[in-house]
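# Report on the structure
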Amino acid sequence: MAEMSSLPYDSLNREMKFLEMGYLPELMSLEAIIAESLPSREIFLLHDQDFFRMSVCKPNSAIGVFSGEDLIAYSILRIPCCFSQPMPDNLGVEIYLPPEDLIKVAHIQAIAVHPDHRGNGLQRKLARAHLALAEDLGYHHILCTVSPKNPKSLSNMLSCGFRIEALRPKFLGWFRFILHKDLKKFHLSSARDADGRVEQIAISISDLEGQLILLESGFKGFKIEAQSGIIKVLYEKSRSIDENDPIPD
């Protein structure tokens, strides 16, 4: 993988690079700015200095985006296993991955962007950078959590190929979507399904009970849309093939 620290990030002179211990003050400063901008504490779990210290101590776990000298966004990758054994908080357990796959899991633990720099696709670009890194390291089940009260972040992660596979009360009892991307599997959306055997349902993002029912029935969320002023999550499920179904040409 190319050294990100040697590459110009874009035409606005933003640069992406791995973060080390010397960037800990910048991370804590950015976290404080983000905390002040949150409309609800439930949207984003804030992290303490110990979390960031542990992250920057692990090679390539933390990626930052800089505008000039200022850190304006970061992404944290975490490997929830130790000595080839899965740890209890491995999100793969939440989506019922088989035991042998739990050691192939990586978490995108957090992505945050300075409020003045949102709307420029930085979250998606950081997610893709860490997806590429995780793949290079041999991990192929990539998971993350997103608040149902944060549709923008959810849309960003779904656009990177993640799928909603569970909905659980997590930190402080706050509900989180559990998103999964299998880097070895191609996800075929219903819009491109050739034989029409995909069932699709749109449901309000605030209807947690309805989404729990869909997820328990085998549906997966794949897209966000605004319909009649209501933000909805699109879920899909492959229908079982009945022996009387016509065989597509």
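This text goes with the structure placed above it.
Residues numbered from 1 in each chain as written. Predicted model: local features only at pLDDT ≥ 70, side-chain atom pairs only at ≥ 80, totals over all residues. Heavy atoms only, no water.

## Here we look at the pairing of strand 9 (residues 175-182)
- Of all 8 residues in strand 9, 7 are buried, a share of seventy percent or more.
- Here strand 7 (residues 141-146) runs beside strand 9; their pairing, made up of 6 bridges, is antiparallel. Residue pairing across strands places His141 opposite Asp182, the latter belonging to strand 9.
- Both strand 8 (residues 163-169) and strand 9 contribute to a ladder of 6 bridges, which runs antiparallel. Pairing of Arg163 across the sheet is with His180, part of strand 9.
- Linkage of strand 8 to strand 9, two consecutive antiparallel strands, is achieved through a turn of 5 residues, within which Leu172 is found at a positive phi near 55 degrees. (Buried < 20%, exposed > 50% of the residue type's maximum accessible area, 1.4 Å probe, protein only. Helix = DSSP H or I, 4+ residues; strand = E, 2+ residues; numbered from the N terminus. Pairing = 2+ DSSP bridges.)

## A closer look at the packing of helix 1 (residues 24-37) against helix 2 (residues 49-57)
- Between helix 1 and helix 2, the least distance of the axes is 10 Å, while the angle of their chain directions is 135 degrees. Relative to helix 2, helix 1 is oriented oblique. Here helix 1 runs over helix 2; the crossing is right-handed. Where helix 1 abuts helix 2, its residues Leu24, Leu27, Met28 and Glu31 lie against Gln49, Phe52, Arg53 and Val56.
- Classifying every residue of the contact of helix 1 with helix 2 by side-chain character gives 5 nonpolar, 1 polar and 2 charged. (Axes fitted to C-alpha atoms, helices over the stretch in contact; angles between N-to-C directions. Parallel < 35°, antiparallel > 145°, perpendicular 65-115°, else oblique. Left-handed = near helix turned anticlockwise from the far one by under 90°. Contact = heavy atoms within 4.5 Å. Nonpolar A, V, L, I, M, F, W, Y, C, P; charged D, E, K, R; others polar.)

## With respect to the pattern of salt bridges
- The full count for this structure, using the stated rule, is 8 salt bridges.
- Glu42 serves as the salt-bridge partner of Lys149, at 3.2 Å between the closest nitrogen and oxygen. Highlighted residues: Lys149 in the loop between strand 7 and helix 4 (151-159) and Glu42 in the loop between helix 1 and helix 2, separated in sequence by 107 residues.
- Between Lys104 and Asp101 there is a salt bridge, with its nearest N and O atoms 3.6 Å apart.
- With relative accessibility at 31%, the residue Lys104 sits in the partly exposed group.
- Each of Glu94, Arg168 and Lys170 takes part in a single network of salt bridges with overlapping partners. (Salt bridge = Lys/Arg side-chain N within 4 Å of Asp/Glu carboxyl O.)

## Observations concerning the nonpolar core
- With 40 residues, the main nonpolar core has Ile108, Leu154 and Leu179 as its most contacted residues.
- It is helix 3 (residues 122-136) that provides the largest number of residues to this core, a total of 7 residues.
- If we skip the residues at most four places from it in the chain, Ile108 touches Ser75, Ile76, Leu77, Ala127, His130, Leu131, Ile142, Leu143, Cys144, Met157 and Phe162. (Core = buried A, V, L, I, M, F, W, Y, C linked by side-chain atoms within 4.5 Å.)

## A short note on the packing of helix 3 against helix 4
- Interhelical geometry of helix 3 versus helix 4 gives an angle of 40 degrees and a closest axis separation of 9 Å. The pairing of helix 3 with helix 4 is recorded here as oblique in orientation. Here the hand of the crossing between helix 3 and helix 4 comes out right-handed. Residues Gln123, Arg124, Ala127 and Arg128 of helix 3 lie in contact with helix 4, whose contacting residues are Lys152, Ser153, Asn156, Met157 and Ser159.

## Thoughts on the layout of surface pockets
- Computed from the structure, the largest pocket encloses a volume of approximately 920 Å³.
- If you list the elements that add at least two residues to the lining of the largest pocket, you get helix 1, strand 6 (105-113), helix 3, strand 7 and helix 4.
- Here the element with the most residues in the lining of the largest pocket is strand 6; it accounts for 7 residues.
- Here the lining of the largest pocket is composed, by residue class, of 18 nonpolar, 14 polar and 8 charged. (1 Å grid on protein atoms, 1.4 Å probe; cavity = no way out; pocket = protein on both sides within 12 Å on 5 of 7 lines; lining within 4 Å. Points joined across faces, edges and corners; volume = space filled by probe spheres on them.)

Take it as geometry only, folks, not as evidence of what the structure does.
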